[in-house]
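Here is how the chains run, residue by residue.
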Amino acid sequence: MAKDNLCAIVTGSASGLGAATAEILARSGARLVINYSSSKTEAEATAEACRKAGSPDVLVAQGDVSKDDDCRRIVAAASAWGRLDILVNNAGTTKHVAHADLDGLSAEDFQRLYGVNTIGPFQMVRAARSLLEAGAKASGRPSAVVNVSSVAGISGVGSSIAYAASKGALNTMTLSLSRALAPLIRVNTVCPGYIDTPWFTKGRGEAGAKQVRDSVVAKVPLKVASSAEDIAQLVCFLAMPASSNMTGEVVRMDAGMHLIT
């Protein structure tokens, strides 16, 4: 394996932001593990797109990141490379419940959202730690973990209180892990605002998703709806050697939504 062939795992990369991230990494020549929980057909399509984009080796691994055994199996898919340079914790889930509807969320809802959005990234980092450290020693620079969070974790907005809380916990965990894993592994987080993907359509239906999109575009200072590719560019910047001196950062990308008072 050439020294500059980065090795990466992207969780939740069957479609949307994860798939866009994987394809950008593929164009840089990275070897990839594409992970999915239930969307096998989409994951295989993403893997093929990554091969066409230039990745010399693309593997597909099924797994639910809320389950520790699955996390270890996902990481094991990369073990033949003997190293990892990049782990992107993109897998996430939510439940759409109005914040005032406290009865709309159960303890089980919180446990599921925390299981995927907070515990999952922790378990992936723990499973991948030795390979990430090996990558750092091989390359002479820190390996990178990039967590995909949300502005919901900063401002308490979003699809539900449980979702916002799980992403807030992920942001705090980023700070803890960046201290604990330095100097061989650096940890940063991206907090997107609205992303124009089918994710909103699945949660709110066509009409509801359009209403959210139109509302966001009307409100934000930049008057745009970010695409998956827009956010993926930032994720990949934090994953690549160009940002080697960054760690413990929680970076917001929301078209200026936070500027609205």
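As named in an unreviewed UniProt entry, the protein is SDR family NAD(P)-dependent oxidoreductase, taken from Bradyrhizobium amphicarpaeae. Comment text from UniProt for the protein, heading Sequence similarities (unreviewed entry), reads "Belongs to the short-chain dehydrogenases/reductases (SDR) family."

Attention shifts here to the overall build of the protein. Of regular secondary structure, the protein possesses 8 helices and 7 strands. A principal-axis box enclosing the C-alpha atoms of the protein has dimensions of 50 × 35 × 35 Å. Expressed as a percentage of its 261 residues, the buried residues of the protein come to 51%. For the protein, the accessible area works out to roughly 11400 Å², and carbon and sulfur atoms hold 54% of it. Averaging the locations of the 26 positively and 23 negatively charged side chains of the protein gives two centres separated by 5 Å.

This part covers the sheet that holds strand β2 (residues 31-36). The strand order across the open sheet formed by 7 strands is β3-β2-β1-β4-β5-β6-β7, and the pairing between neighbours is parallel. Looking at which strands have only one partner, the edges of the open sheet turn out to be β3 (58-62) and β7 (250-253). Direction aside, neighbouring strands of the sheet carry axes that sit 15 degrees apart on average. Taken together, the 4 bridges between strand β4 (residues 86-89) and strand β5 (residues 143-148) define a ladder with parallel strand orientation. Along β5, the bridge assignment pairs L87 with V145. Along the sheet, helix α1 (residues 16-27) contacts β1 (7-10), β2, β4 and β5; its crossing angle with β1, the most-contacted strand, is approximately 170 degrees. Each of β1, β4, β5 and β6 (185-192) is contacted by helix α4 (residues 107-139), which is oriented at about 165 degrees to β4, the strand it contacts most.

Together, I154, L175 and V250 line one region of the surface with nonpolar side chains, adding up to about 200 Å² of accessible area. Checked against the element boundaries, L175 lands in helix α6 (residues 161-181).

In this section: the nonpolar core. L25, L32 and I34 are the most contacted members of the largest nonpolar core, which has 32 residues in total. Those elements that provide at least two residues to this core are β1, α1, β2, α2 (40-53), β4, β5 and α8 (228-239). If sequence neighbours within four positions are ignored, L32 has contacts with A8, V10, A22, L25, A26, C50, S55, D57, V58, L59 and W81. Judged by nonpolar contacts, the second largest core, of 27 residues, contains V65, I74, A91 and M173.

So, about the state of the cysteines. Disulfides are covalent bonds that link the sulfur atoms of two cysteine residues. The full count for this structure, using the stated rule, is 0 disulfides. C236 provides the cysteine sulfur closest to C50, a residue in no disulfide bond, and the two sulfurs are 10 Å apart.

The next subject is unusual backbone geometry. Residue P183 is bonded to the preceding A182 through a cis peptide linkage, with omega at 5 degrees. Of note in this structure, K223 is not a glycine but carries a positive phi near 55 degrees. Tracing the chain through its elements places K223 in the loop between α7 (198-219) and α8. Accessibility expressed as a relative area gives 46% for K223, which makes it partly exposed. Of note, A255 is a non-glycine position whose phi angle comes to about 60 degrees, a positive value.

Once that is clear, we can look at the environment of T197. As for its position among the elements, T197 is in the loop between β6 and α7. Each C-alpha atom of the pair T197 and S244 lies 30 Å from the other, and the pair is 47 residues apart in sequence.

Conventions and cut-offs
Residues numbered from 1 in each chain as written. Predicted model: local features only at pLDDT ≥ 70, side-chain atom pairs only at ≥ 80, totals over all residues. Heavy atoms only, no water. UniProt positions renumbered as here; feature names shortened; annotations may be inferred. Helix = DSSP H or I, 4+ residues; strand = E, 2+ residues; numbered from the N terminus. Buried < 20%, exposed > 50% of the residue type's maximum accessible area, 1.4 Å probe, protein only. Areas by Shrake-Rupley, 256 points an atom, 1.4 Å probe, with all protein chains shown as cover. Lys, Arg positive; Asp, Glu negative; His and termini not counted. Charge placed at Lys NZ, Arg CZ, Asp CG, Glu CD. Pairing = 2+ DSSP bridges. Axes fitted to C-alpha atoms, helices over the stretch in contact; angles between N-to-C directions. Contact = heavy atoms within 4.5 Å. Patch = residues over 30% accessible without salt bridge, like charges linked within 9 Å, V, L, I, M, F, W, Y side chains within 5 Å. Salt bridge = Lys/Arg side-chain N within 4 Å of Asp/Glu carboxyl O. Core = buried A, V, L, I, M, F, W, Y, C linked by side-chain atoms within 4.5 Å. Disulfide = S-S within 2.5 Å.

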